[in-house]
Amino acid sequence: MNNNLFGYDHNNTWIHQLTGTSKLIFFILVSIIAMISYDYRFIILILILSIVTFRQSQIKWAQIKLVVKLICIFALLNLVMVFVFSPNHGASLYGTRHVLLNLGYFTITQEQLFYEFNLGLKYLVTVPISLIFLITTNPSEFSASLNKIGLSYRISYSLSLSLRYIPDIQNNFKEISLAQQARGYEMSKKGRLFSRLKGTTQILVPLILSSLDKIQTISQAMELRRFGKNKQRTWYMNRKFGKNDYLTLLCSIIILALGIVFMKLDGSRFYNPFV
């Protein structure tokens, strides 16, 4: 597989060897508790664990740099928008108001900065977990995992198909981009920003059309094989749990319990250092 493409990458680490079900349950439980809690001490603990696990997964920077950059841009944009539309939300949440800079409607308070700091941590903590799950889980095993936890196999298979074709869409994008550049459109880093944006927009139409063409081909092939006729189906990639799978599930339950303990100690899901 091309290492510059975002998608499943086969490797031989202990994370790759875990079953899709244990990784999916870990991903869901840890993401949910990280999203619910607003205690930065707990979130930083998960962040450290996520980074250590991410390093052990041996995922290459070239595979994820585009996705990480896009996530950082959207996260930063979201933090700015939160401040623009509700600059006093932090003060109303924590019940106090410590002004750092008085700018009228856009007055900056310690509470607002602390709230947005927690919000930023949440984005950070979910990125490594999501990337680990997406890049180390075989799409076929992913659909089997979804079906194993109770989701319809039709929906499970559709979701795994969308993951499987992410690298293909990236390949198509690059091929169309090269074709456009051969016709004289400047889309490299040397070109002006407006020219690159215009060229990228022109890629979208052929990219969407070629993707729709593939979807039609796949759906026809599935119909010919009578996909969806039976209520249940077997999975080629379904595996039994091993020792590391049980340890992963135990770890996710401990993290979930730890998050609940932090919330009990704080009296709510918000840690308030201003009282």
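Along each chain, residues carry numbers from 1 onward, in the same order as the chain's sequence is written. Only residues with pLDDT of at least 70 are given local features in this predicted model, and only at 80 or more are side-chain atom pairs given and counted; all residues enter the totals for whole chains, interfaces and linings. The basis for every side-chain value is the complete set of heavy atoms in the structure, and neither hydrogens nor water enter the calculation.

This next bit is on the overall build of the chain. We count a stretch as a helix when DSSP gives it H or I for four or more residues in a row; a strand needs E for two or more, and each element gets its number in order from the N terminus. Each helix and strand counted, the chain has 11 helices and two strands in total. Helices and strands in the chain line up, N terminus first, as α-α-α-α-α-β-β-α-α-α-α-α-α. Seen through its principal axes, the chain has C-alpha atoms that stretch 65 × 55 × 35 Å. Per-residue burial over the chain gives 37% buried out of 275 residues. Here the term buried applies to any residue with accessible area under 20% of the maximum for its type, exposed to any over 50%, and partly exposed to those in between, with areas from a 1.4 Å probe on protein chains only.

When a carboxyl oxygen of Asp or Glu lies within 4 Å of a side-chain nitrogen of Lys or Arg, that pair is called a salt bridge. The tally for this structure, following the rule as stated, stands at two salt bridges. In this structure, R41 and D39 form a salt bridge, with 2.7 Å as the shortest nitrogen-oxygen distance. Between R41 and D266 there is a salt bridge; the shortest N-O distance is 3.2 Å. Of this pair, R41 sits in helix 3 (residues 40-56) while D266 sits in helix 11 (residues 243-266), and the two are 225 residues apart along the sequence. When its relative accessible area of 21% is taken as the criterion, D266 is described as partly exposed. Several salt bridges converge on common partners, so that one network encompasses D39, R41 and D266.

To continue, consider the nonpolar core. Buried Ala, Val, Leu, Ile, Met, Phe, Trp, Tyr and Cys residues that are joined via side-chain atoms within 4.5 Å together make up what is termed a nonpolar core. V30, I33, F42, I46, V125 and I255 are the most contacted members of the largest nonpolar core, which has 14 residues in total. Secondary structure elements with two or more residues in this core: helix 2 (20-36), helix 3, helix 6 (110-136) and helix 11.

Another point: the packing of aromatic side chains. Aromatic contacts are taken between Phe, Tyr and Trp rings whose centres are within 6.5 Å, Trp giving its six-membered ring; a plane angle under 30 degrees counts as stacked, one over 60 as edge-to-face, and the others as tilted. Applying the stated criterion to the full structure yields 17 aromatic pairs. With 5.3 Å between their ring centres and 70 degrees between their planes, F133 and F142 make a pair best called edge-to-face. In terms of burial, F133 and F142 fall into one category: buried. Between Y157 and F227, the ring centres sit 5.1 Å apart and the planes meet at 40 degrees, which makes this aromatic pair tilted. Of this pair, Y157 sits in helix 8 (residues 153-164) while F227 sits in the loop between helix 10 (193-224) and helix 11, placing them 70 residues apart in sequence.

Its 27 residues place the ends of helix 6 40 Å apart at the C-alpha level, agreeing with the 39 Å of an ideal helix rising 1.5 Å per residue. When you tally the buried positions in helix 6, you get 20 out of 27 residues, the bulk of the element. An expected span of 1.5 Å times one less than the residue number is assigned to each helix.

This next bit is on the packing of helix 2 against helix 6. To get an axis, fit a line to the C-alpha atoms, keeping to the stretch in contact for a helix; angles then go from 0 to 180 degrees between the N-to-C directions. At a minimum axis separation of 10 Å, helix 2 and helix 6 run at an interaxial angle of 170 degrees. The angle between helix 2 and helix 6 falls in the class roughly antiparallel. Residues G20, K23, L24, F27, V30, S31, A34, M35 and I36 of helix 2 form the contact with helix 6, whose own contacting residues are K122, V125, T126, I129, S130, F133 and T136. Note that Gly is not counted as nonpolar here; it falls among the polar residues with everything else outside the nonpolar set of Ala, Val, Leu, Ile, Met, Phe, Trp, Tyr, Cys and Pro and the charged set of Asp, Glu, Lys and Arg. Looking at the contact of helix 2 with helix 6 residue by residue, the classes come out as nine nonpolar, five polar and two charged. Throughout this description, any angle smaller than 35 degrees is read as roughly parallel, any larger than 145 degrees as roughly antiparallel, any in the 65 to 115 degree range as roughly perpendicular, and the remainder as oblique. Only heavy atoms matter for contacts: two residues are in contact if any of them lie within 4.5 Å across the pair.

Moving on to a nonpolar patch on the surface. Each patch is assembled from residues with relative accessible area greater than 30% and no salt bridge, linking like charges that lie within 9 Å and nonpolar side chains (Val, Leu, Ile, Met, Phe, Trp, Tyr) that lie within 5 Å. Only the protein chains shown count as cover for residues, and all accessible areas are computed by the Shrake-Rupley method using a 1.4 Å probe. Where nonpolar side chains cluster on the molecular surface, the patch consists of L66, L70, I73, F74, L76, L77, V80, M81 and F85 and spans about 940 Å² of accessible area. Along the chain, the position of V80 falls in helix 4 (residues 61-85). Looking at V80, the relative accessible area reads 42%, which means it is partly exposed.

Positionally, S50 belongs in helix 3. The contact partners of S50, leaving out residues within four places of it in the chain, are V125, P128, I129 and I132.

With that settled, the discussion passes to helix 11. Since the α-helix packs 3.6 residues into each turn, any two residues three or four apart lie on the same face. When the terminal C-alpha atoms of helix 11 are compared, their 35 Å separation across 24 residues agrees well with the 34 Å that a helix rising 1.5 Å per residue should span. The set of residues buried in helix 11 consists of D245, T248, L249, S252, I255, G259, F262 and M263. The elements touched by buried residues of helix 11 are helix 1 (14-17), helix 2 and helix 3.

Moving on to the UniProt feature "transmembrane region" (unreviewed entry) in the chain. Under the feature "transmembrane region" (unreviewed entry), the UniProt entry names residues 24-54, 66-85, 120-138 and 246-265. The span residues 66-85 carries 100% helix and 0% strand; its end-to-end C-alpha distance comes to 28 Å. UniProt positions are given in the numbering used here, feature names are shortened, and annotations may be inferred rather than shown by experiment.

Further remarks concern the environment of S50. Judged by relative accessible area, S50 falls into the buried class, the value being 4%. Separated by 75 residues in the primary sequence, S50 and V125 have C-alpha atoms spaced 6.9 Å apart.

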